[in-house]
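# Reading the structure
Take a look at the letters that make up each chain.
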Amino acid sequence: MEFGLFLIFAVFVVGVIAGVPVAFVLGIAALVGFIYEGINPAVAFQQMASGMSIFALLAIPFFVFAGELMLHGGIARRLVALASAAVGWMRGGLGMVDVSTSMLFGGISGSAVADTSATGVILIPAMKAKGYGVDYAVSLTVTSSIAGILIPPSHNMILYSLAAGGGISVTALFIAGIVPGLMMCSFLAIAAYVMAVRRGYPAEPWAGFKHLALKFIDALPGLFTAFIILGGVLSGVFTVTESAAFGTIWALLVTIVVYRNLTWENFKVAVAASVRTSAVVFLLVGTATAFAYLLALYRLPDILTEGMLAISSNPIVIMLMINVCLLLLGCVMDMAALILITTPIFLPVVVAIGIDPVQFGMIMMMNLGLGLTTPPVGAVLFVGCAIGKIPIEAVMKTIWPFYGAILAALMLTTYWPAVSLTLPRLLLGYEG
């Protein structure tokens, strides 16, 4: 039994080091484990099929498609204009606009990569033109994009719920992400302001409340997408999947009929990008389900729980160890894969020490979101550096204050349950 566990992890590690896509590595490792244990390999494919057949997964392609439509259909540009009218007058105003736009756009698209792409192509060149350092512009853009993972809707929270066995309410996870997301963005804004003052970055002129009102009205149809998604779920009118579908339909109508910015070419690009992303996610879910079946067979969650409790029974120490593990793993693996792999492993541990599963979901989202902004495999960091045309090494020299802001928010979310649980309890009567 112990050798079987060693074997599947050895196959997994070798595959990752060799550069094989994680989805394929998980499937190969699972198949090797089934063969070693003398289980019919057909069971592995049955597990994959069952993992991909869950109705709630349909929300993911809808959310991804909605984000692509917003990116290519003019919604992102209007959100930037609204944020500029609201907070651009502050010192380092474009930095404040960057954070505010990430909160607005992330709350609609639910994707850190989409957030970085949408806001980065507008704000990074604008900051460069105004005399901001490129390292500052890229660092702030990539770190604030994590808001798309925490502020609902977030397809990563759907993956977490599925990886946890489907027993955690996606609606509760959505609502729980609001306060940690806003808190993290507030800390990033403070760090951005302090750096802007030290570097002498300018403030944008205040255009008045009339200008702000006009920009708000212009952006309102796009913002209404978030209202449809969250309002439908909270009111009980829609399930999460249904709200994702209606939100996507609304985004399509807004970009075609209202803004008239979505060309046929951009529509095809949005569809192709959505299909690629969704296919990768579904394959990951399937292979991770088969892999998780073996982890349960080998009792890895029980072994890990016993091992950590043997080191310390103090929840503070155990959560610190888990945070460090997630941060390190986030530096070398993709977020979706880590959610599917580590949730079945760590969730029993945190439940055993009294941590609420919804709270742990927020801890995991922030941890692994930070991993998207760190080398060597941080997808968001790569996108930001490509837009800013700056080497990753140059960004890493000055990004640390923003990392510090995220870590401060992470520590508060980890050790102060009210940060993530107050809103679900007030709005949903959550009692987990």
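Below is a short write-up of the structure. Sequence order sets the numbering: in each chain, residues are counted from 1 along the sequence as written. Only residues with pLDDT of at least 70 are given local features in this predicted model, and only at 80 or more are side-chain atom pairs given and counted; all residues enter the totals for whole chains, interfaces and linings. To get the side-chain values, all heavy atoms of the structure are used, and hydrogens and water are removed first.

### Some thoughts on the nonpolar core
One finds Tyr 136, Ile 322 and Phe 360 to be the most contacted residues of the largest nonpolar core, which totals 122 residues. Top contributing element to this core by residue count: helix α18 (residues 335–352), with 12 residues. For this analysis, residues touch if any pair of their heavy atoms sits within 4.5 Å. Setting aside residues no more than four positions away along its own chain, Phe 360 makes contact with Tyr 160, Met 319, Ile 322, Leu 326, Phe 346, Leu 347, Val 350 and Ile 355. Listed in part, the 18 residues of the second largest apolar core include Ala 66, Met 70, Ala 114 and Ala 118. In this text, buried Ala, Val, Leu, Ile, Met, Phe, Trp, Tyr and Cys residues form a nonpolar core when linked through side-chain atoms within 4.5 Å. Buried means the residue's accessible area, taken with a 1.4 Å probe over protein chains only, is under 20% of the maximum for its type, while exposed means over 50%, and partly exposed covers the values in between. Strands are runs of DSSP state E lasting at least 2 residues, helices are runs of H or I lasting at least 4, and numbering of each runs from the N terminus.

### A look at a nonpolar patch on the surface
Exposure above 30% relative accessible area and the lack of any salt bridge qualify a residue for a patch; like charges then connect within 9 Å, and the nonpolar side chains Val, Leu, Ile, Met, Phe, Trp and Tyr within 5 Å. Surface accessibility follows the Shrake-Rupley procedure with a 1.4 Å probe radius. Residue values consider only the protein chains on display as shielding. A pair is scored as a salt bridge if a Lys or Arg side-chain nitrogen falls within 4 Å of a carboxyl oxygen belonging to Asp or Glu. On the surface, Phe 246, Ile 249, Leu 253, Ile 256, Val 257 and Val 258 cluster together into a nonpolar patch covering about 540 Å² of accessible area. Secondary-structure assignment places Ile 249 in helix α14 (residues 240–258).

### Some points on unusual backbone geometry
In this structure, Arg 260 is a non-glycine residue whose phi angle is positive, near 55°. Looking at the secondary structure, you find Arg 260 in the loop between α14 and α15 (264–297). With a phi close to 55°, Lys 389 is a non-glycine residue in the positive phi region. Considering the arrangement of structural elements, one finds Lys 389 in the loop between α20 (379–388) and α21 (392–396). Look at Lys 389 and you get exposed, because its relative accessible area is 74%.

### A short note on the packing of aromatic side chains
Two rings from Phe, Tyr or Trp (for Trp, the six-membered ring) form a pair when their centres sit within 6.5 Å of each other. Planes less than 30 degrees apart are called stacked, planes more than 60 degrees apart edge-to-face, and all others tilted. Considering all chains together, one arrives at 15 aromatic pairs under this definition. Taken together, a centroid distance of 6.1 Å and an interplanar angle of 65° make the contact between Tyr 136 and Phe 402 edge-to-face. Taken together, the residues span a long stretch of sequence, with Tyr 136 in helix α8 (residues 134–144) and Phe 402 in helix α22 (residues 400–415) at a distance of 266 residues. Comparing Tyr 136 with Phe 402 shows no difference in burial state: the two are buried. Seen from their ring centres, Trp 206 and Phe 209 are 5.1 Å apart, and the 80° between their planes marks the pair as edge-to-face. Of the residues examined, Trp 206 reaches a relative accessible area of 40% and is grouped as partly exposed. Across from the ring centre of Tyr 259, 3.7 Å away, lies the NZ or CZ of Arg 78, which sits over that ring. For a lysine, the NZ atom is tested; for an arginine, the CZ atom; a charge sits over a ring if that atom is within 6 Å of the ring centre and within 35 degrees of the ring normal.

### Quick word on the layout of surface pockets
Here the second largest pocket defines a volume of roughly 330 Å³. The rule is simple: put a 1 Å grid over the protein atoms alone, call a set of points where a 1.4 Å probe fits but cannot get out a cavity, call an open set with protein on both sides within 12 Å along at least five of seven lines a pocket, and count a residue as lining if it has an atom within 4 Å of a point. Taken together, 16 residues line the second largest pocket, and the ones lying closest to its centre are Phe 9, Leu 329, Ile 341, Thr 342 and Ile 345. Those elements that provide at least two residues to the lining of the second largest pocket are α1 (2–17), α17 (315–330) and α18. Grid points are joined across faces, edges and corners, and a volume is the space filled by probe spheres set on the points.

### Digging into the packing of helix α16 (residues 300–311) against α17
Contact geometry for α16 and α17: axes closest at 9 Å, N-to-C directions at 125°. It follows from the interaxial angle that α16 and α17 lie oblique. As α16 packs across α17, the resulting crossing turns out to be right-handed. From α16, Met 308, Leu 309 and Ile 311 reach across to α17, where they touch Ile 318, Met 321 and Ile 322. Amino acids are sorted into nonpolar (Ala, Val, Leu, Ile, Met, Phe, Trp, Tyr, Cys and Pro), charged (Asp, Glu, Lys and Arg) and polar (every other residue, Gly among them). Residue composition of the contact of α16 with α17, by class: 6 nonpolar, no polar and no charged. To get an axis, a line is fitted to the C-alpha atoms, and for a helix only the part in contact is used. The angle between two axes follows their N-to-C directions and goes from 0 to 180 degrees. Here is the rule for angles: anything less than 35 degrees is roughly parallel, anything more than 145 is roughly antiparallel, 65 through 115 is roughly perpendicular, and the remaining ranges are oblique. If you view the pair so one helix is near and one far, a crossing is left-handed when the near helix is turned anticlockwise from the far one by less than a right angle, and right-handed when it is turned clockwise.

### Looking at α16
A helix's residues, less one, multiplied by 1.5 Å, set its expected span. When the terminal C-alpha atoms of α16 are compared, their 17 Å separation across 12 residues agrees well with the 16 Å that a helix rising 1.5 Å per residue should span. Restricting attention to buried positions, one finds in α16 the residues Leu 300, Pro 301, Thr 305 and Met 308. For α16, the buried positions fall inside an angular range of 135° around the axis, keeping them on one side. Directions are taken from the helix axis to each C-beta atom, and the arc is the one they span.

### Looking at the pattern of salt bridges
For the coordinates displayed, the defined rule picks out 3 salt bridges. In this structure, the salt-bridge partner of Arg 199 is Asp 135, at a minimum N-O distance of 3.1 Å. Remark: Asp 135 occurs in helix α8 and Arg 199 occurs in helix α12 (residues 178–199); sequence separation between them is 64 residues. In this structure Arg 199 comes out as partly exposed when scored by relative accessible area, which is 33%. Look at Asp 135 and you get buried, because its relative accessible area is 14%. Notably, a salt bridge pairs Lys 268 with Glu 265, separated by 3.3 Å at the nearest N-O pair. Linking Lys 268 with Glu 265, this pair stays in helix α15, spanning 3 residues, or about one helical turn. The exposure class assigned to Lys 268 is partly exposed, which follows from its relative accessible area of 39%.

### Regarding the packing of helix α10 (residues 155–163) against α18
Two elements in contact, α10 and α18, have axes separated by 9 Å at closest approach and are oriented at 35°. Here α10 and α18 pass one another in a crossing that is right-handed. Every residue of α18 that contacts α10 at Asn 156, Leu 159, Tyr 160 and Ala 163 is listed here: Met 335, Ala 336, Ile 339, Leu 340, Thr 343, Pro 344 and Leu 347. The residue inventory of the contact of α10 with α18, partitioned by class, reads 9 nonpolar, 2 polar and no charged.

### Topic: the environment of Leu 79
Structurally, the position occupied by Leu 79 is in helix α5 (residues 75–87). The spatial distance from the C-alpha of Leu 79 to the C-alpha of Phe 216 is 8.5 Å, given a sequence separation of 137 residues.

### Looking at the environment of Ile 392
Mapped onto the elements of the fold, Ile 392 is located in helix α21. Along the backbone, Ile 392 and Asp 135 are 257 residues apart, and their C-alpha atoms lie at a distance of 9.1 Å. Contacts of Ile 392, omitting those with residues within four sequence positions, involve Leu 381, Phe 382 and Cys 385.

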